[in-house]
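Here is what each chain is made of, one letter per residue.
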Amino acid sequence: AELAAAEDLSRERRLPEGPSIGPHMSVRERFALRAAFEAAVRAVERNAACGALFDGLQFDGSEALYRSRYRTVASPGERAHCAPTVAAVAEVGGSRILICWRFHDLGRLNRVATLIHEALHTAGLGEWPHDPRGMTPREITERVKRECGL
């Protein structure tokens, strides 16, 4: 029933049925990403406080997750963004979320929080130090976990 409701919602909004995943992910990585994606969409759609994280950006949280293109590290230039403590990277206002190797070492709830964190960037949320008034990456993730019940 839950899957049918999600499919109805996708058709109603004309959103794809799942995430747009780049070609270089293994089956195991795709499975983990899709599970985290589905849980992230449920969190922003069913938890008002979680969905409200996107309100100040004038963006719908599930739309930010659906419109993103999820890719794994494929080039040396992309590897430079994936420091040992970084699980994923997104450009503010962009649509690509680069999934770093650390993402797959995270627990399920941390993968969900990471996707919501990165979707906030695609929706326009800046981050310190690039945005001097922005929150740090840790502050953003802690807020996502608190507001989304993760």
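Look above for the structure.
Residues numbered from 1 in each chain as written. Predicted model: local features only at pLDDT ≥ 70, side-chain atom pairs only at ≥ 80, totals over all residues. Heavy atoms only, no water.

**Q** Please clarify how the nonpolar core should be interpreted in this entry.
**A** A general tendency of soluble globular proteins is for nonpolar side chains to be buried together. Counting 34 residues, the largest nonpolar core has Phe-54, Leu-65, Tyr-70, Ile-99, Leu-115, Ile-116 and Val-144 as the members making the most contacts within it. Those elements that place two or more of their residues in this core are α2 (27-46), α4 (61-67), β3 (88-90), β4 (96-99), α6 (108-122) and α7 (137-148). Per-element tally for this core: the top contributor is α2, with eight residues. Among residues more than four places away in sequence, those in contact with Leu-115 are Leu-33, Ala-36, Phe-37, Ala-40, Leu-65, Tyr-70, Ile-99 and Phe-103. (Core = buried A, V, L, I, M, F, W, Y, C linked by side-chain atoms within 4.5 Å. Buried < 20%, exposed > 50% of the residue type's maximum accessible area, 1.4 Å probe, protein only. Helix = DSSP H or I, 4+ residues; strand = E, 2+ residues; numbered from the N terminus. Contact = heavy atoms within 4.5 Å.)

**Q** Is there a simple way to explain the sheet that holds strand β1 (residues 20-21) in this structure?
**A** Strands in a sheet are paired, the pairing made by backbone hydrogen bonds, and the direction either parallel or antiparallel. Ordered in space as β1-β2-β4-β3, the four strands form an open sheet in which the pairing is mixed. This sheet does not close on itself; its edge strands, each paired only once, are β1 and β3. In the sheet, β1 pairs with strand β2 (residues 69-72) via two bridges, with the strands oriented parallel. By the bridge assignment for β2, Ile-21 is matched with Tyr-70. Lying on the sheet, α6 is in contact with β2, β3 and β4; it crosses β3 at an angle near 15°. (Pairing = 2+ DSSP bridges. Axes fitted to C-alpha atoms, helices over the stretch in contact; angles between N-to-C directions.)

**Q** Please explain the pairing of β4 as it appears in this structure.
**A** Here β2 pairs with β4 via four bridges, running parallel. In the sheet register, Arg-69 faces β4, and the bridge partner there is Arg-96. Bridge count between β3 and β4: three bridges; the pairing is antiparallel. Along β4, the bridge assignment pairs Ala-90 with Ile-97.

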